[in-house]
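Read off the chains here:
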Amino acid sequence: MNHLDAFHQTVHGAPGGCEAIAPRMGMSAAILRNKANPNSATNKPTLDEADRLMGITGNHSILHALAANHGYVCVKIEEGAEASDMAVLEMITLVWQTNGEVGAAVNEALADGRITGPEVVRIRDAIKRAERALENVGARVEGMADR
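Residues numbered from 1 in each chain as written. Predicted model: local features only at pLDDT ≥ 70, side-chain atom pairs only at ≥ 80, totals over all residues. Heavy atoms only, no water.

## Regarding the overall build of the protein
For step 1, the next point in the chain: Counting secondary structure elements, the protein contains seven helices and zero strands.
For step 2, the next point in the chain: Going from N to C terminus, the protein has its helices and strands arranged as α-α-α-α-α-α-α.
For step 3, the next point in the chain: In summary, the protein has a C-alpha radius of gyration of 19 Å against a globular reference of 15 Å for 147 residues, an excess of more than 25%.
For step 4, the next point in the chain: Principal axes of the C-alpha set define a box for the protein whose edges measure 50 × 50 × 25 Å.
For step 5, the next point in the chain: A burial count over the protein gives 29% of its 147 residues as buried.
For step 6, the next point in the chain: Residue pairs at least 24 apart in sequence account for 65% of intrachain contacts in the protein once pairs closer than 6 positions are excluded. (Helix = DSSP H or I, 4+ residues; strand = E, 2+ residues; numbered from the N terminus. Rg over C-alpha atoms; globule rule 2.2 N^0.38 Å. Buried < 20%, exposed > 50% of the residue type's maximum accessible area, 1.4 Å probe, protein only. Contact = heavy atoms within 4.5 Å.)

## What about unusual backbone geometry?
For step 1, the next point in the chain: Phi at asparagine 43 takes a positive value of approximately 55 degrees, unusual for a residue other than glycine.
For step 2, the next point in the chain: You can see asparagine 43 is positioned in the loop between α3 (29-36) and α4 (47-57).

## Points about a nonpolar patch on the surface
For step 1, the next point in the chain: Taken together, the side chains of Leu110, Ile115 and Val120 make up a nonpolar region of the molecular surface, amounting to roughly 250 Å² of accessible area.
For step 2, the next point in the chain: Inspection of the secondary structure puts isoleucine 115 in the loop between α6 (85-110) and α7 (117-144). (Patch = residues over 30% accessible without salt bridge, like charges linked within 9 Å, V, L, I, M, F, W, Y side chains within 5 Å. Areas by Shrake-Rupley, 256 points an atom, 1.4 Å probe, with all protein chains shown as cover. Salt bridge = Lys/Arg side-chain N within 4 Å of Asp/Glu carboxyl O.)

## Thoughts on α3
Along an α-helix, residues three or four apart share an orientation, since each turn contains 3.6 residues.
For step 1, the next point in the chain: When we look at burial in α3, the residues that qualify are Ala29, Leu32, Lys35 and Ala36. The buried residues of α3 occupy one face: seen down the axis, they fall within an arc of 125 degrees.
For step 2, the next point in the chain: Check the buried side of α3 and you find it contacts α1 (3-13), α2 (17-25) and α4. (Arc of directions from axis to C-beta.)

## Observations regarding the packing of α1 against helix α5 (residues 61-69)
For step 1, the next point in the chain: One can describe the packing of α1 onto α5 by two numbers: an axis separation of 8 Å at closest approach and a directional angle of 170 degrees. Taken as axis vectors, α1 and α5 run roughly antiparallel relative to one another. Of the residues in α5, those touching α1 at His3, Ala6, Phe7 and Thr10 are Ser61, Ile62, Ala65 and Leu66.
For step 2, the next point in the chain: Each residue belonging to the contact of α1 with α5 can be placed in one class, and the counts come to five nonpolar, three polar and no charged. (Axes fitted to C-alpha atoms, helices over the stretch in contact; angles between N-to-C directions. Parallel < 35°, antiparallel > 145°, perpendicular 65-115°, else oblique. Nonpolar A, V, L, I, M, F, W, Y, C, P; charged D, E, K, R; others polar.)

## Quick look at the nonpolar core
For step 1, the next point in the chain: If you look at the biggest cluster of nonpolar residues, it comprises 17 residues, and the most contacted ones within it are Phe7, Val11, Ile21, Met25, Leu32, Leu53 and Ile62.
For step 2, the next point in the chain: Breaking this core down by element, the ones donating at least two residues are α1, α2, α3, α4 and α5.
For step 3, the next point in the chain: What leucine 32 contacts, discounting residues up to four positions off in sequence, is Phe7, Val11, Cys18, Ile21, Ala22, Met25 and Met27.
For step 4, the next point in the chain: Val102, Ala109, Ile123 and Ala126 belong to the second largest nonpolar core, which has six residues in total. (Core = buried A, V, L, I, M, F, W, Y, C linked by side-chain atoms within 4.5 Å.)

Now the structure itself:
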C-alpha cells in the first residue's frame, strides 16, 4: 500500500470518517475528503497533516507505508516498558510466534508450487511483524543494560 492509499484508509476508517476528523484537523470535511482521495490531482495531504491524522486516529499505517516504500520497517519504542527477565521472555515468545507466522505464510504460498503477488504481500507482512518483535526485544534488553 502506498502512503496516499494509507491516508485514505486512515481518514475513512476512523470512527465518523471525514466529518469527525476534519474539524480536529482544522479543515472542512470536503477538503479532507479531497486530500484523502488518492486519485485527486489537487489537494494533496501535507506531511504535517499526515502527522496530525496519525496523532488523532492512532493509526500509523501512513508511516508504515512510507517506510516500506523505502525499504524500512517502523518499530514503536515502548517508553517506560518493564525491563525484567519475564518481560524479555514474553517478547521472545512473541518472536517465536511471528517466526511461525512467516513459516506458515511461506508454506501456504508454496503449497500449489507457485507464488502469487498477494502471497508475497502476506509473506512480507509476516516478516515485518517478526522484525518488529525482534526490535522490541533489542529495545527491552537495552533498557535493562547497566548504565
